[in-house]
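Each chain, letter by letter, is given below.
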Amino acid sequence: MAWFDRLRQGLGKTRDLLTTDVRDLGRAWEMEWDDLEFALIGADTGAKIAAEIVAEAKRERERGTSFRESLEKALLDQLEPNRMRQKLRRVGFNLDVSRNLVEVKGKVVMVVGVNGVGKTTTIAKLGQYYTERGQRVMFAAGDTFRAAATAQLEVWGGRLGIPTVSGPDGSDPGAVAFDAAHARRARGLDLLFVDTAGRLHTKHNLMEELKKVKRVITKADPDEPREVWLVLDAVTGQNGLAQAKKFHEAVGVTGVVVTKLDGTAKGGILLPIVRELELPIKFIGVGEKAEDLQPYDAAAYVRALLDMPETAAA
Ligand SMILES: Nc1nc2c(ncn2[C@@H]2O[C@H](COP(=O)(O)OP(=O)(O)O)[C@@H](O)[C@H]2O)c(=O)[nH]1
Ligand SMILES: [Mg+2]
C-alpha cells in the first residue's frame, strides 16, 4: 500500500469524527462552525486551538476559498506555521519527508516515554526505517526493569540484522547505555537507539534514572546524546501533554513520536504538541507493522485527515 494511503487509513477514526460532524459546512452556517469547533475539541486539539482554527477557517471561507481548503489552511497554520515552511523552502529544505531521510542530529537517540506507549516497537521500526535507507544502526536494550523488554528488542535486532547491546534483567540501565554508546563509537556506526524504562520499582525515581542514563551516554561519547525522542500514545490525548512536560524538564526532549493514531479519534493531539510544547514531531505511528511508522509531514497529515487527495494538483 502506498505511503499516503496507509496514513489515510490509519487516521480513519479522527477523520470520521471531523468529516461526519462537519459535512455540510460548505454552507458555513454559524451552527455548523460550532459543530466543527466541538469536533476539533473531540479530536483533542484543546479548546483554545479549536477556536483559533475555526476563526482562521471562517476568515478564509469568507474570502471565497472552499470549506475544505479553508480548514486545511487553518489546520496547517497550527501544525506547521507558514513562516517556518517558507523559511525551510528558501534554504532549499525539501519538505517531502515521506521520500527523504528524517534527519537525526548526532549519532545517539535516547528514546523515552511511559510504559506501553510503544517505545520498544518504535525503536524496532526506526531501526528498519534507517537500515533500509543505508544507515548502520545499533540498539541498546536499556529497559532492564521489564523482564520481556530486552528479549523483545533482541528479537527485533536479530530479525533486522541490527546489533543489540543488552544486560541481564534488573541490571543497571546506565551500564547498558554506556556499553552501547562506547561500542557504537568504536565501530563507527551511524545511529544508536537507546530504549529506556517507562516505569521503575517504586523505590527508584524514573526521571532521576533517565537523567543518569543520559549522563552516562555523555561519559562514553562526549557529544551525545544529541537527540532525546519522547514517544507519546495518541490514545492518552491531553494527558500526553502533561507527560511530555515532565520528560522535557528532566531530560530535554528534542523530538516527539506519536503512536497509535490508528486506534483513536484523537488525532488532533498533534496540534498542542507543536504549538504549546514547541517540539518537532519526527514520526507518527498508524499501526503495528513496521511500515506503519511514518515520517511526520504536516501537509500530508492534514490532507489525509480531511480526506483530500495527496497533492493539490491530483
Ligand atoms: N495500533 C498500534 N499499536 C501500536 C503502535 N505502536 C505500538 N503499538 C503497540 O503498543 C504495544 C506496546 O508497545 P511497546 O513497544 O511494548 O511499548 P513500551 O512499553 O513503550 O516499550 C504493543 O502491542 C505495540 O504493538 C501504533 O502506532 N499503532
Ligand atoms: Mg518497552
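Refer to the preceding data block for the structure.
This is a predicted model, so every value here is computed, not measured.

Asks: Provide a residue-level description of the side chain of Q128, including the pertinent values.
Replies: The topology assignment puts Q128 in helix α7 (residues 119-132). Filtering out sequence-adjacent residues up to four positions away, Q128 remains in contact with L160, I162, A290 and E291.

Asks: Please give an account of the pattern of salt bridges that cites residues and values.
Replies: In total, this model carries 16 salt bridges according to the counting rule given. Of the charged contacts, one joins E56 and K73 as a salt bridge, the two residues approaching to 3.1 Å between their closest N and O atoms. Here K73 lies in helix α5 (residues 67-79) and E56 lies in helix α4 (residues 47-62), a separation of 17 residues in the sequence. Taking the relative accessible area as the measure of exposure, K73 reaches 32% and is therefore partly exposed. One connected set of salt bridges, linked through shared partners, spans E56, R59, E60, R63, K73 and D77.

Asks: Residues and numbers for helix α13 (residues 298-305), please.
Replies: Within α13, eight of the eight residues are buried, which leaves it mostly tucked inside the rest of the structure. Buried residues of α13: A298, A299, A300, Y301, V302, R303, A304 and L305, and no others. Of the residues flanking the start of α13, the one acting as N-cap is D297, its side-chain oxygen 3.1 Å from the backbone nitrogen of A299. Taken from the residues just after α13, D307 is the one with a positive phi, measuring 60 degrees.

Asks: Describe the sheet that holds strand β7 (residues 281-285), naming the residues involved and giving the relevant values.
Replies: Pairing in this open sheet of eight strands is mixed, and the strands run β3-β2-β4-β1-β5-β6-β7-β8 from one edge to the other. If you trace the sheet from one side to the other, it starts and ends with β3 (164-165) and β8 (293-295), each paired once. Across five bridges, the pairing between strand β5 (residues 227-233) and strand β6 (residues 255-259) is parallel. Bridge assignment links L232 to a residue of β6, and that residue is V258. Relative to the sheet, α7 contacts β1 (108-112), β2 (137-140), β4 (191-194), β5, β6, β7 and β8, its axis offset from that of β2 by approximately 165 degrees.

Asks: Describe the packing of aromatic side chains, and please don't skip the residues or the numbers.
Replies: On inspection of all chains with the given rule, the structure shows eight aromatic pairs. A centroid spacing of 6.2 Å and a plane angle of 75 degrees characterise the contact between Y130 and F283, whose relative ring orientation is edge-to-face. Taken together, the residues Y130 in helix α7 and F283 in strand β7 connect sequence positions 153 residues apart. Given a relative accessible area of 1%, Y130 falls into the buried group. For F283, a relative accessible area of 0% gives the class buried. Between W229 and F283 the ring centres are 6.1 Å apart and the planes differ by 50 degrees, which places this aromatic pair in the tilted class. Pair noted here: W229 is in strand β5 and F283 is in strand β7, with a separation of 54 residues, a long-range link.

What counts and how
- Residues numbered from 1 in each chain as written.
- Chains lettered and ligands numbered in written order.
- Predicted model: local features only at pLDDT ≥ 70, side-chain atom pairs only at ≥ 80, totals over all residues.
- Heavy atoms only, no water.
- Helix = DSSP H or I, 4+ residues; strand = E, 2+ residues; numbered from the N terminus.
- Contact = heavy atoms within 4.5 Å.
- Salt bridge = Lys/Arg side-chain N within 4 Å of Asp/Glu carboxyl O.
- Buried < 20%, exposed > 50% of the residue type's maximum accessible area, 1.4 Å probe, protein only.
- Polar contact = N/O pair within 3.5 Å; in protein donor to acceptor, adjacent residues only side chain to side chain.
- Pairing = 2+ DSSP bridges.
- Axes fitted to C-alpha atoms, helices over the stretch in contact; angles between N-to-C directions.
- Phe/Tyr/Trp six-rings, centres within 6.5 Å; stacked < 30°, edge-to-face > 60°.

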